[in-house]
Amino acid sequence: MARPVRAISLSAAILLAVVAFSPAAGARSDEVPRLDAARLSAAVAAAHTPAAASIARTNLEQGGLSAPGVLGIAGTGIPAYAINPDFVRGIPGAPAGRLAYVAVVVTAADGRKATLQVAPQGADGWTAEAALSGEDERELAETLPPGAALLGEPQINGWYALEPGKVTLLRASLPQNAVGEPVPLADYQRQVAKRYGDRLPGGPADRKGELGFVRDDPNEMPVPGVVWVAAGMLLLCAAAVVLVLRRRARESGIGRPGTERGAA
């Protein structure tokens, strides 16, 4: 059972390595994959669907608050990036961040705000996956220097301005650097490697089942977890087959009292 999983994982690892080190993918680590206008527009359009509106309403009504009434959904979105595990690992050329979602602000009739998180699905699709109270991403984006990207470090609930060669902390629940103080990107990489290097998906802490690096990619389940789940399902199936066979044997008279016990 483990062999196919390992084979798939090995193939994926090889493919990722080829992409990461190919000349076409040789981006600098102070850059992030930017959304072009068409993709950003498609992400915002996904926030204007009935499903997205339902998610926003649920958020705005939490805590017993009144229904939000008519929703005003913004016609623009803010790309929000999360720290890239490959950057933490120190892989040459790995961008510091990768796109987590596009933030689209929703306003209730009484002025309450929520932010839809519209995440990429497949090559070209988008879907609203969640909504958070407030409009943090929009407020933070207004403070970004021209050309900077909004980079999140979810482990500390932190947000940075990512610019060529540096990051600047904008806000954090557990700040590791002074707010507003630029940090050279090389220094930042060493910081996050020290904080999370052994807690990345598939790392020592992850294999022990300890809380580690926040997973923003649902496909990043480590192979050992897949194997154990599959093995557990296989055991359950085997147990069900044994029970069915024993029941059939008893019904046919083969499993008479004493016969099955003697065989045991």
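Residues numbered from 1 in each chain as written. Predicted model: local features only at pLDDT ≥ 70, side-chain atom pairs only at ≥ 80, totals over all residues. Heavy atoms only, no water.

**Remarks on the overall build of the protein**
Here is step 1: If you tally the helices and strands in the protein, you get nine helices and nine strands.
Here is step 2: For the protein, the proportion of its 264 residues judged to be buried stands at 33%.
Here is step 3: Here the contacts in the protein between residues at least 6 apart in sequence split such that 50% fall between residues at least 24 apart.
Here is step 4: Carbon and sulfur atoms make up 61% of the accessible area of the protein, which totals about 15300 Å². (Helix = DSSP H or I, 4+ residues; strand = E, 2+ residues; numbered from the N terminus. Buried < 20%, exposed > 50% of the residue type's maximum accessible area, 1.4 Å probe, protein only. Contact = heavy atoms within 4.5 Å. Areas by Shrake-Rupley, 256 points an atom, 1.4 Å probe, with all protein chains shown as cover.)

**Re the nonpolar core**
Here is step 1: Counting residues in hydrophobic clusters, the biggest one holds 40 residues, and the most contacted among them are Leu 116, Val 118, Trp 126, Leu 151, Leu 162, Val 167 and Tyr 188.
Here is step 2: One finds Ala 103, Leu 140, Leu 144 and Ala 161 within the second-largest nonpolar core, a separate group that totals 10 residues. (Core = buried A, V, L, I, M, F, W, Y, C linked by side-chain atoms within 4.5 Å.)

**Regarding helix 2 (residues 37-46)**
Here is step 1: Buried within helix 2 we find Ala 43, Val 44 and Ala 46. What you see down the axis of helix 2 is that its buried residues fit within an arc of 155 degrees, all on one side. More than 90 degrees from the buried face of helix 2, the exposed residues found are Ala 37 and Ala 38. (Arc of directions from axis to C-beta.)

**Thoughts on the packing of aromatic side chains**
Here is step 1: Tallied over the entire structure, the rule returns two aromatic pairs.
Here is step 2: Taking 4.9 Å as the distance between ring centres and 55 degrees as the angle between the ring planes, the aromatic pair formed by Tyr 160 and Tyr 188 counts as tilted. Taken together, the positions of Tyr 160 in strand 7 (residues 158-163) and Tyr 188 in helix 6 (residues 185-196) put the pair 28 residues apart, joining distant regions of the chain. Each member of the pair, Tyr 160 together with Tyr 188, is buried.
Here is step 3: An aromatic cluster of three or more residues is present, and its members are Phe 87, Tyr 160 and Tyr 188. (Phe/Tyr/Trp six-rings, centres within 6.5 Å; stacked < 30°, edge-to-face > 60°.)

**Describing unusual backbone geometry**
Here is step 1: Despite not being glycine, Asn 157 shows a phi value in the positive range, around 50 degrees.
Here is step 2: Residue placement: Asn 157 occurs in the loop between strand 6 (149-153) and strand 7.

**Examining the pairing of strand 5 (residues 125-133)**
Here is step 1: As defined by bridge partners, strand 4 (residues 113-121) adjoins strand 5 across eight bridges and the pair is classed as antiparallel. Pairing of Pro 120 across the sheet is with Trp 126, part of strand 5.
Here is step 2: Linking strand 4 back to strand 5 in an antiparallel pair, the connection comprises three residues, with Gly 122 at a positive phi of about 70 degrees. (Pairing = 2+ DSSP bridges.)

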